[in-house]
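# Residue-level structure breakdown
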There are 2 protein chains.
Amino acid sequence: MGKHCRWRERLQNHGYRLTIPREVIIELLRNTKEHVSAEDIYMEIHKKYPAIGLTTIYRTLELLAQMKMIVKFDFGDGRARYELSEEYGTKKHHHHLICTKCTKIIDYTDFVDEELELIEKTEKRLSKKYNFQLSGHAISFTGTCKDCKE
Amino acid sequence: MGKHCRWRERLQNHGYRLTIPREVIIELLRNTKEHVSAEDIYMEIHKKYPAIGLTTIYRTLELLAQMKMIVKFDFGDGRARYELSEEYGTKKHHHHLICTKCTKIIDYTDFVDEELELIEKTEKRLSKKYNFQLSGHAISFTGTCKDCKE
DNA sequence: CTAACTGCAAATTCTTTGCATTAGT
DNA sequence: ACTAATGCAAAGAATTTGCAGTTAG
């Protein structure tokens, strides 16, 4: 596991209940390397827990996103994707390389230190200039992956 | 206008026709500072050109995006937004500050030079490492704007 | 002339909501 | 017990598609 995972107490401290669906969904997110959609989660979970409905997936994802325990992404294919945020997940800070042909996503962790440094500096400056309370950032590159190149 | 605008010849060179709807849509994009949705465009255009349908807007936007004359964004409110890409638009290189409360978007052009430098370096390195043909990048910050802060 | 383009209506796809039931605390 | 959370079915919203008529080159 590597990292502490206080999501249970976090939920409860905020007055939310600890339910099977939430447990299962978060567990799945913790064990996934992919950027999963609501439907992906549903299909996967459905094998073991056929009683859990798609609606619950959506509602849980919304809750978790609002609590900033997960991050919602749009990679341009019309469905939202989710991943645990850094504090709760098992992946380190990374950004995305999006293939616009096949919608494959590559997570890259290279060079992010340099990026992060610049980002933080920029955040401070923007925050001051626009009186904006920053809560997150996203960097992504789009292009064509090696398989789609020819 | 400030900048040359060769979109007509660009379309024609690719075998596409120069039609009223396309003319009108691009003209609107050139005169808009906002990040407009398909619906926004439709509503605006509809005043003067009630014969142009929403479907055509979508199809035109798809065409233009595919030709990289416009860029499609998702700011998290479930509808796509569009803006002319740098070569065809009237705005300089910028990034987005997205208020997650009211979905207001601030374009910032501050500090982008430094960013751009890093981005270009990163692009080169990623491109080599992952054998990925890069075509674009996006940086965005999310948070709460000054009006939504209290 | 003829293939690209368009508009309309219908279809699709993703996501949200209403409501009666279930289950945490 | 009390209320949040759930599942189902239905609704909603954004975007896409089929097709017959129109238009640019």
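In case you missed it, the structure is sitting above this.
Description of the structure in this document.

Here the structure, examined in full by the defined rule, presents 4 aromatic pairs over all chains. Measuring from centroid to centroid gives 6.1 Å for Tyr108(A) and Phe141(A), while their planes differ by 50 degrees, and the two rings are tilted. One end of the pair, Tyr108(A), is in strand E5 (residues 105-108); the other, Phe141(A), is in strand E6 (residues 133-144), and 33 residues separate them in sequence. Lying across the ring of Phe111(B), Arg125(A) places its NZ or CZ 4.1 Å from the centre.

Moving on, we come to the interface of chain B and chain A. Chain B puts 37 residues into the contact, and the matching count from chain A is 37 residues. A buried area of about 3600 Å², summed over both sides, lies between chain B and chain A, and 61% of it is on carbon and sulfur atoms. Counting across the chain B and chain A interface gives 6 salt bridges. A salt bridge links Glu114(A) to Lys121(B); the nearest nitrogen and oxygen atoms lie 2.8 Å apart. Across the contact surface, chain B and chain A share 20 residue pairs in polar contact (both at pLDDT 80 or more). Elements that contribute at least two residues to the side of chain B that touches chain A include exactly strand E3 (95-99), strand E4 (105-108), helix H5 (112-130) and strand E5 (133-144) of chain B. Across the side of chain B that touches chain A, the residue classes tally to 16 nonpolar, 10 polar and 11 charged. Bridge count for E6(A) against E5(B) is 11 bridges, and the pairing is antiparallel. Its bridge partner being in E5(B), His137(A) is matched across the sheet by Phe141(B).

The next thing to look at is the protein's contact with DNA strand D. Neighbouring residues of DNA strand D: 20 residues in total, closest Ala51(A), Thr56(A), Arg59(A), Tyr58(B) and Arg79(B). Among all atoms of DNA strand D positioned within 4 Å of the protein, those belonging to sugar or phosphate total 64%. In the model, a phosphate oxygen of DNA strand D is placed 2.6 Å from a nitrogen or oxygen of the Ala51(A) main chain. Breaking the surface near DNA strand D down by element, the ones donating at least two residues are helix H2 (20-30) and helix H4 (54-66) of chain A together with helix H4 (54-66) of chain B. Residues of the surface near DNA strand D, tallied by class, amount to 7 nonpolar, 7 polar and 6 charged.

Moving on, we get to unusual backbone geometry. Residues and elements named next belong to chain A. Its identity is not glycine, yet Thr103 carries a phi of approximately 60 degrees, on the positive side. Among the structural elements, Thr103 can be located in the loop between strand E4 (95-99) and E5. We classify Thr103 as partly exposed; its relative accessible area is 30%. One non-glycine residue, Asn131, lies in positive phi territory at about 50 degrees. Note on placement: Asn131 falls in the loop between helix H5 (112-130) and E6.

The next point concerns the relation of the copies chain B and chain A. Each of the two copies of the chain can be brought onto the other by a rotation about an axis and a shift along it. Mapping chain B onto chain A is achieved by rotating through 179 degrees and translating by 0.0 Å along the same axis, at an RMSD of 0.1 Å. What the superposition gives is, in effect, a two-fold axis relating one chain to the other. The position closest to the rotation axis in chain B is occupied by the C-alpha of Ile139(B), lying 2.3 Å away. When the interface residues of chain B are mapped onto chain A, 100% of them are again interface residues, pointing to one common binding face.

Rules used in this analysis
Residues numbered from 1 in each chain as written. Chains lettered and ligands numbered in written order. Predicted model: local features only at pLDDT ≥ 70, side-chain atom pairs only at ≥ 80, totals over all residues. Heavy atoms only, no water. Phe/Tyr/Trp six-rings, centres within 6.5 Å; stacked < 30°, edge-to-face > 60°. Helix = DSSP H or I, 4+ residues; strand = E, 2+ residues; numbered from the N terminus. Lys NZ or Arg CZ within 6 Å of the ring centre and 35° of its normal. Contact = heavy atoms within 4.5 Å. Buried area = accessible area lost by both parts, 1.4 Å probe. Salt bridge = Lys/Arg side-chain N within 4 Å of Asp/Glu carboxyl O. Polar contact = N/O pair within 3.5 Å; in protein donor to acceptor, adjacent residues only side chain to side chain. Nonpolar A, V, L, I, M, F, W, Y, C, P; charged D, E, K, R; others polar. Pairing = 2+ DSSP bridges. Near = heavy atom within 4 Å. Buried < 20%, exposed > 50% of the residue type's maximum accessible area, 1.4 Å probe, protein only. Least-squares fit on C-alpha atoms with pLDDT ≥ 70 in both.

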